[in-house]
Amino acid sequence: MNRLKNFEALQPKIIQVAREAGEILSAYYRQDQILHTLKDDMSPVTDADKQASVYIIRELCAIDSSIPCISEEEDVPDFSIRSLWKRFWLVDPLDGTKEFIQKNGEFTVNIGLIEDGKPILGVVYAPALSLLYCANSEEGSWKQEGNASPHRIYSRILNPGEPVTIVESRSHPT
């Protein structure tokens with residue numbers, strides 16, 4: 001089976017996993033207060049992070065148990081093991097935990113498939129904004145807002161001297 005056919009079957013499944021993980025996050029997000037603890041690196045972690053991670057890993061393993069998964073909320077295998085992987089999932093079940101805790105809506109579910117050190121499929125879903133981005137190396141990138149149909153998005157080459165917009169995190173202004 002060629003890559004394109006794999007993507008045609010795989011991408012909708014990953015989008016569904018991201019949306020369902022977003023529902024897990026949303027249930028916590030609707031609570032009056034979001035409790036958190038601090039990880040060793042002093043970044044916050046919530047039960048929402050952990051539950052979304054467990055869900056995503058379980059679903060990815062159900063899709064193809066031969067593809068290993070690295071999640072921000074799980075122990076990462078030693079590099080001597082990871083370096084042998086041709087393909088793996090890279091997951092941040094709740095990117096923007098500080099924003100999630102502050103309830104400003106600026107958090108995402110991130111799921112990517114890496115092959116030979118390069119991203120070949122990715123989904124970024126912002127449940128509070130009902131905004132989804134997806135891309136794969138065969139078909140390009142797409143954006144979907146709410147229940148609207150997805151539309152293709154493109155990057156463009158800037159002309160010399162043209163202004164550039166740069167985006168940074170509120171929590172990590174570096």
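Provided above is the structure to which this section pertains.
**Q** I'm lost on the side chain of T97 in this one. Help?
**A** When you line up the elements, T97 lands in helix α4 (residues 97-102). Among the residues examined, T97 registers a relative accessible area of 9% and is labelled buried. Excluding anything up to four places from it in sequence, T97 contacts P44, V45, T46 and D49.

**Q** Can you help me understand the pattern of salt bridges in this one?
**A** Pairing is possible between side chains that carry opposite charge, provided their charged atoms lie close to one another. What the rule picks out here adds up to seven salt bridges. Taking the shortest distance from any N to any O, the salt bridge between K39 and E73 comes out at 3.6 Å. Residue K39 is found in the loop between β1 (36-38) and β2 (44-46), and its partner E73 is found in the loop between β3 (69-71) and α3 (79-82); the two are separated by 34 residues along the sequence. We classify E73 as buried; its relative accessible area is 16%. Across the salt bridge formed by R156 and E162, the nearest N and O atoms sit 2.8 Å from each other.

**Q** Help me out: how do you make sense of the nonpolar core in this one?
**A** In summary, soluble globular proteins display a tendency toward joint burial of nonpolar side chains. Of all hydrophobic cores here, the largest spans 32 residues; its most connected members are I56, W89 and I111. Tallying contributions element by element places helix α1 (residues 3-29) first for this core, with nine residues. In this structure, W89 is in contact with L10, I14, L60, I67, P68, C69, I70, I111, G112, L113 and L121, ignoring residues within four places of it in sequence.

**Q** Honestly, the pairing of strand β7 (residues 131-136) in this entry has me stumped. Any pointers?
**A** For a regular strand, side-chain orientation follows a simple rule: the groups alternate between the two sheet faces. Here strand β6 (residues 118-126) pairs with β7 via six bridges, running antiparallel. Directly across from A126, in β7, lies its bridge partner L131. What sits between the antiparallel neighbours β6 and β7 is a turn of four residues, in which S130 has the positive phi angle 50°. Of the pairings in the sheet, the one linking β7 to strand β8 (residues 140-145) comprises six bridges and is antiparallel in character.

Reading the values: rules and limits
Residues numbered from 1 in each chain as written. Predicted model: local features only at pLDDT ≥ 70, side-chain atom pairs only at ≥ 80, totals over all residues. Heavy atoms only, no water. Helix = DSSP H or I, 4+ residues; strand = E, 2+ residues; numbered from the N terminus. Buried < 20%, exposed > 50% of the residue type's maximum accessible area, 1.4 Å probe, protein only. Contact = heavy atoms within 4.5 Å. Salt bridge = Lys/Arg side-chain N within 4 Å of Asp/Glu carboxyl O. Core = buried A, V, L, I, M, F, W, Y, C linked by side-chain atoms within 4.5 Å. Pairing = 2+ DSSP bridges.

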